[in-house]
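Next come the chains, spelled out residue by residue.
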Amino acid sequence: MFLFVGLAVALPPVRVEPGVYTVDGREVWLNGFALDGAPGAEDSCQSRALPTVEERRVAARNPAFVPSALFEALANPSDDPCGYSMAVVEAEGIDGWLWFGGAGNHLGESEVRNAPQDPREGVIRVHSVAWSFFGEDAKPAPRGERCVTRDALQPTPAWIAASSVNVRAGRATTFVALDKVEAGGAVKVWHREADWAWVEAPKSVLDTSGSEPNTHECTVFGWVKGEFLTSEKPDPLVFVRQAEAVSAAGSPADAVVPLERAAALHPNNPAIREALAEVYAATGHDKAAVVARQAAALRAKSPSKLGSPGSKALSLATACPAVPLTAARTSKATGTGCRLPWSAGVTEWLPGASGWVDLDPADLETQCGADPTPDHHALSVAPANLLVRIPPGSASRAVHVRRRVVRGVEEGGQFGFTGFGPWETLVLRSDLGAEAAVVEVPIAAITGGAILSVELDVEVYDLGEGAAPATSTLIQVVWPLNC
């Protein structure tokens with residue numbers, strides 16, 4: 001037997017303390033809040049917030065809650081936009097639902113009910129199309145609004161530090177997964193409970209129900225294991241270097257996890273995808289063939305483009321004193337920079353190489369000429385950095401610079417090529433943007449540990465989630481270290 005109240009009845013607010021509550025088999029964290037003791041007129045909460053479905057149902061369990069004889073408007077559930085349908089939009093113009101709690105006297109003809117006769121647990125939703133076009137008979141009645149005042153709590157930012165993490169409906173792996181967030185994905189942490197965290201996670205939903213594919217964004221709330229969260233955005237360079245180190249040491253199994261995380265952060269990086277396929281194959285992973293096909297597809301759709309230091313695809317230069325990086329790639333004639341000499345012939349000792357940059361001081365002096373400033377001349381003949389100038393492109397790009405030592409033996413003054421050392425990443429940046437950029441690579445990092453030469457691989461690719469980067473340039477450059 002319920003005591004019902006109507007409009008404009010003065011009742012104290014119903015207080016709900018912060019905590020974890022169970023609603024329809026889901027565990028939800030609710031910030032502390034106060035719900036109006038009695039509903040006001042329809043649209044009376046425009047300057048305040050409507051309660052969520054969970055807030056209203058939890059508050060209604062409080063003995064101090066007095067039910068009304070109205071259907072009370074509720075906020076749209078956080079996961080409702082994830083069910084958005086373009087097919088309905090194209091057919092009828094509006095998609096979505098309006099939500100109400102309680103149990104009034106009249107229900108429209110297009111309601112979806114959950115215990116509609118229980119004024120504490122009752123929740124109904126009315127489709128927007130019916131609400132907009134079918135008249136009052138399609139709407140629940142009578143209607144009112146009970147506003148909520150939430151405690152002033154703010155979430156803290158966090159990032160996913162695992163290869164991927166499930167956002168679950170409860171604090172156990174037996175609860176259903178509501179969403180999956182990949183490595184490096186940003187979430188908002190509202191609460192931590194033991195080794196779990198209640199997070200707000202963005203979700204992109206691909207809807208193919210309409211005439212053309214459509215992607216829309218929604219928000220999911222749920223639980224993730226706290227051990228998979230970090231307070232700083234993961235750096236893919238750390239993961240890649242870790243994987244390269246253990247792989248070079250003969251432990252491919254230890255490279256699986258860091259490469260999975262790097263691949264999640266940079267899904268369109270062919271080099272990372274190829275390395276992951278290799279360690280999968282070496283460890284007998286059942287995804288080895290799939291990842292190998294993905295890597296091959298990236299390479300096929302973004303073929304290698306060989307270039308030279310002065311090509312439009314890529315420009316290489318060494319820095320000179322008091323000259324901005326962007327200016328340090330001008331020709332000898334301007335007197336403001338020093339372009340590294342380039343040999344355009346195909347080398348006999350390194351198959352597939354289109355040429356090389358020669359760091360021989362005598363060659364550099366011949367190309368650049370002696371400078372009256374001793375310091376300038378010293379840096380010209382012994383450059384400390386290689387500048388890689390990347391042309392403008394899309395707004396979301398990354399650059400991956402890596403090198404491998406060319407192995408061989410010298411016999412009678414001739415170099416005999418015997419193979420390559422493992423790849424080592426020197427630069428992995430995702431902050432290029434759409435403008436032209438200059439990436440600086442220390443010469444010592446490029447040449448360190450090499451007897452005669454190295455191969456340098458500079459790759460620019462998009463970071464988007466598509467099957468392949470929209471634009472990608474792979475340039476292989478060889479340095480004979482004959483100085």
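Here the structure is shown first, and the text comes after it.
Now for a description of the structure that goes with this document. (Residues numbered from 1 in each chain as written. Predicted model: local features only at pLDDT ≥ 70, side-chain atom pairs only at ≥ 80, totals over all residues. Heavy atoms only, no water.)

Scanning all chains against the criterion turns up 19 salt bridges. One salt bridge connects Glu17 with Arg15, and the closest N-O pair in it is separated by 3.1 Å. Judged by relative accessible area, which is 46%, Glu17 ranks as partly exposed. A salt bridge links Arg15 to Asp151; the nearest nitrogen and oxygen atoms lie 2.9 Å apart. Within this pair, whereas Arg15 is found in strand E1 (residues 14–16), its partner Asp151 is found in the loop between strand E10 (148–150) and strand E11 (156–160), the two being separated by 136 residues in sequence. (Salt bridge = Lys/Arg side-chain N within 4 Å of Asp/Glu carboxyl O. Buried < 20%, exposed > 50% of the residue type's maximum accessible area, 1.4 Å probe, protein only. Helix = DSSP H or I, 4+ residues; strand = E, 2+ residues; numbered from the N terminus.)

All right, on to the environment of Gly37 then. Of note, Gly37 is situated in the loop between strand E4 (33–35) and helix H1 (53–59). Its relative accessible area of 5% is what places Gly37 among the buried residues. The sequence separation of Gly37 and Val66 amounts to 29 residues, and the corresponding C-alpha distance is 6.9 Å. What Gly37 contacts, discounting residues up to four positions off in sequence, is Leu11, Pro12, Pro13, Val66 and Arg146. (Contact = heavy atoms within 4.5 Å.)

For the structure on display, the rule yields two disulfides. Cys45 shares a disulfide with Cys147; S-S distance 1.8 Å. Because the sign of the S-S torsion sets the handedness, a value of about -100° for the bond joining Cys45 and Cys147 places this disulfide among the left-handed ones. Placement of Cys45 in the loop between E4 and H1 and of Cys147 in the loop between strand E9 (143–144) and E10 is noted, with a sequence separation of 102 residues between them. Pair check on accessibility: Cys45 and Cys147 agree, each one buried. Bridging Cys82 to Cys218, the disulfide has an S-S length of 2.0 Å. (Disulfide = S-S within 2.5 Å.)

This part is about the side chain of Glu145. Looking at the secondary structure, you find Glu145 in the loop between E9 and E10. For the buried Glu145, no salt bridge exists, and the shortest N-O distance to an oppositely charged side chain is 8.3 Å, to Arg143. Among the polar contacts made by the side chain of Glu145, one reaches the main-chain amide nitrogen of Asp43 at a distance of 3.1 Å. If near-sequence neighbours (up to four positions away) are discounted, Glu145 is found in contact with Pro39, Gly40, Ala41, Glu42, Asp43, Ser44, Cys45, Leu50 and Ala73. (Lys, Arg positive; Asp, Glu negative; His and termini not counted. Polar contact = N/O pair within 3.5 Å; in protein donor to acceptor, adjacent residues only side chain to side chain.)

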